[in-house]
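Reading the structure
Residue strings, one per chain:
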Amino acid sequence: MTAHRQEYRQDFVRFAIEAGVLRFGDFALKSGRRSPYFFNAGLFSTGAGLARLGQFYACALAESGLEVDMLFGPAYKGIPLAAATAIALAEHHGRDLPYAFNRKEAKDHGEGGQIVGSPLKGRVLVIDDVITAGTSVRESVELIEGAGARLAGVLIALDRRERGTAGVAATDEVAARHGVPVISIASLDELIDFMRQHPGHGDFTPELLGLMETYREQYGVTENGGTQ
């Protein structure tokens, strides 16, 4: 996997499209908006796909330079993502980090408790697919801080870079609320750049690119948090 920032992000976009995880059409979002694209990391459903996805997460973390002591995957989607990232970090980056995940409900028998895996301690990185309302992050922070550890940051696959209820991107809102960086493998900007650079790829058409650019103009935010 290439280490160059722009190239690995573009590689991820291509990978997500070819795996059918990043799709184009007319999708209804929870926000009520109609989106010309949809990303569902739950569709990375093969061993090879999950292994490669973990490599992209590991590459994004390595590039960020963020210092972390362990990984945490919020149930349910975050569980395989954290595991895949831990494996990729060990195999490709020489970093053997512990990881943990939570149960939706605390177990009252056997070993009991709500956390599975390594005990939460030190600087904890939360790994998830996307951030919408930030609910998963808030719940993770409660568990992390409740164990005496602290949130070091959040690592996601795709940042939609669109305004939420507060008028800023959901990722920016989470970063400001918790005072930690939110790292993404790629964002809407990389997706549109990829479409421009590969006009004949798959289902790409000038009309689809126009819809994507219009969507970003209507709902997107810039890197400094302003509107497009």
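As recorded by an unreviewed UniProt entry, the protein chain carries the name Orotate phosphoribosyltransferase and is attributed to Thiorhodovibrio frisius. Among the UniProt annotations of the protein chain, the heading Pathway (unreviewed entry) holds the following wording: "Pyrimidine metabolism; UMP biosynthesis via de novo pathway; UMP from orotate: step 1/2."

1. So, helix H5 (residues 170-178)
Buried residues of H5: Ala170, Thr171 and Val174, and no others. Angular distribution of buried residues about the axis of H5 spans 100°; they occupy a single face of the element. If you follow the buried residues of H5, they end up packed against helix H4 (135-146), strand E7 (150-159) and strand E8 (182-187). Backbone geometry just downstream of H5 places Gly179 in the positive-phi region, at approximately 65°.

2. Details of the side chain of Asp128
Note that Asp128 resides in the loop between strand E6 (123-127) and H4. A distance of 3.1 Å separates a polar atom in the side chain of Asp128 from a polar atom in the side chain of Ser136. If we ignore the near neighbours within four places in the chain, the residues touching Asp128 are Tyr57, Pro74, Lys77, Gly78, Leu81, Ser136, Leu155, Ile156 and Ala157.

3. Points about the nonpolar core
Core analysis: the largest hydrophobic core is formed by 47 residues, its most contacted members being Phe12, Phe39 and Leu191. The dominant element in this core, judged by the number of residues it contributes, is helix H2 (residues 47-64), at 7 residues. In contact with Leu191, other than residues within four places in its own chain, are Val13, Ile17, Leu22, Phe24, Tyr37 and Met212. Core analysis: the second largest hydrophobic core is formed by 17 residues, Ile144, Leu151, Ile156 and Val174 among them.

4. Some points on the packing of aromatic side chains
Applying the stated criterion across every chain, the model contains 9 aromatic pairs. Following the ring pairs from residue to residue traces out a cluster consisting of Phe12, Phe15, Phe39, Phe44 and Phe56. Here the basic side chain of Arg160 rests over the ring of Tyr37, its NZ or CZ set 4.2 Å away from the ring centre.

5. Some words on H2
With 18 residues, H2 extends 26 Å from end C-alpha to end C-alpha; this agrees with the ideal 26 Å at 1.5 Å per step. Downstream of H2 by a residue or two, Gly65 has a phi angle that is positive, lying close to 75°.

6. Points about the packing of helix H6 (residues 188-197) against helix H7 (residues 206-219)
Relative to each other, H6 and H7 sit at 155°, their axes nearing to 10 Å. Taken together, the axes of H6 and H7 lie roughly antiparallel to each other. Between H6 and H7 lies a crossing whose hand is left-handed. Contact residues: H6 offers Leu188, Asp189, Leu191, Ile192, Met195 and Arg196, while H7 offers Leu208, Leu209, Met212, Glu213 and Arg216.

7. Side note on unusual backbone geometry
Residue Ala75 is joined to Tyr76 through a cis peptide bond whose omega torsion reads 5°. In this fold, Tyr76 is placed in the loop between strand E3 (70-73) and helix H3 (78-92). The phi torsion at Arg161 lies on the positive side, around 55°, for a residue other than glycine. Position of Arg161 among the secondary structure elements: in the loop between E7 and H5. Given the relative accessible area of 5%, Arg161 is considered buried.

8. A word on the environment of Arg103
Structurally, the position occupied by Arg103 is in strand E4 (residues 99-107). Considered as a pair, Arg103 and Gln114 are 11 residues apart in the sequence and their alpha carbons are 5.2 Å apart.

About the criteria used
- Residue numbers run consecutively from 1 along every chain, following the written order of its sequence.
- Totals for whole chains, interfaces and linings use all residues, but because this is a predicted model, local features are given only for residues with pLDDT of at least 70 and pairs of side-chain atoms are given and counted only at 80 or more.
- Remark: hydrogens and water are excluded; side-chain values derive from all non-hydrogen atoms of the structure.
- UniProt positions are given in the numbering used here, feature names are shortened, and annotations may be inferred rather than shown by experiment.
- Three labels apply to residues, based on accessible area from a 1.4 Å probe with only protein chains included: buried if under 20% of the type maximum, exposed if over 50%, partly exposed otherwise in between.
- For the purposes of this entry, the term helix denotes a DSSP run of H or I that reaches at least four residues, the term strand denotes a run of E that reaches at least two, and both are numbered from the N terminus.
- For this quantity, the arc is that covered by the directions from the helix axis to the C-beta atoms.
- Only heavy atoms matter for contacts: two residues are in contact if any of them lie within 4.5 Å across the pair.
- We define a polar contact as two N or O atoms separated by no more than 3.5 Å, with the added condition that, inside protein, one atom must be a possible hydrogen donor and the other a possible acceptor, whereas residues neighbouring each other in sequence contribute only through side-chain atom pairs.
- Among buried residues, those of type Ala, Val, Leu, Ile, Met, Phe, Trp, Tyr and Cys that are joined through side-chain atoms within 4.5 Å constitute a nonpolar core.
- Working definition: a ring pair exists when centres of Phe, Tyr or Trp rings (six-membered ring for Trp) sit within 6.5 Å. Plane angles under 30 degrees give stacked, over 60 give edge-to-face, the rest tilted.
- A ring is scored as having a charge over it whenever the NZ atom of a lysine or the CZ atom of an arginine sits within 6 Å of its centre and within 35 degrees of its normal.
- In this analysis, the expected span of each helix is defined as 1.5 Å times one less than the number of residues it contains.
- Note on definitions: angles span 0 to 180 degrees between N-to-C directions of axes, and those axes are lines fitted to C-alpha atoms, for helices only across the stretch in contact.
- An angle counts as roughly parallel when it lies under 35 degrees, as roughly antiparallel when it exceeds 145, as roughly perpendicular when it falls between 65 and 115, and as oblique in every other case.
- Crossing handedness follows the turn of the near helix against the far one: under a right angle anticlockwise gives a left-handed crossing, and clockwise gives a right-handed one.

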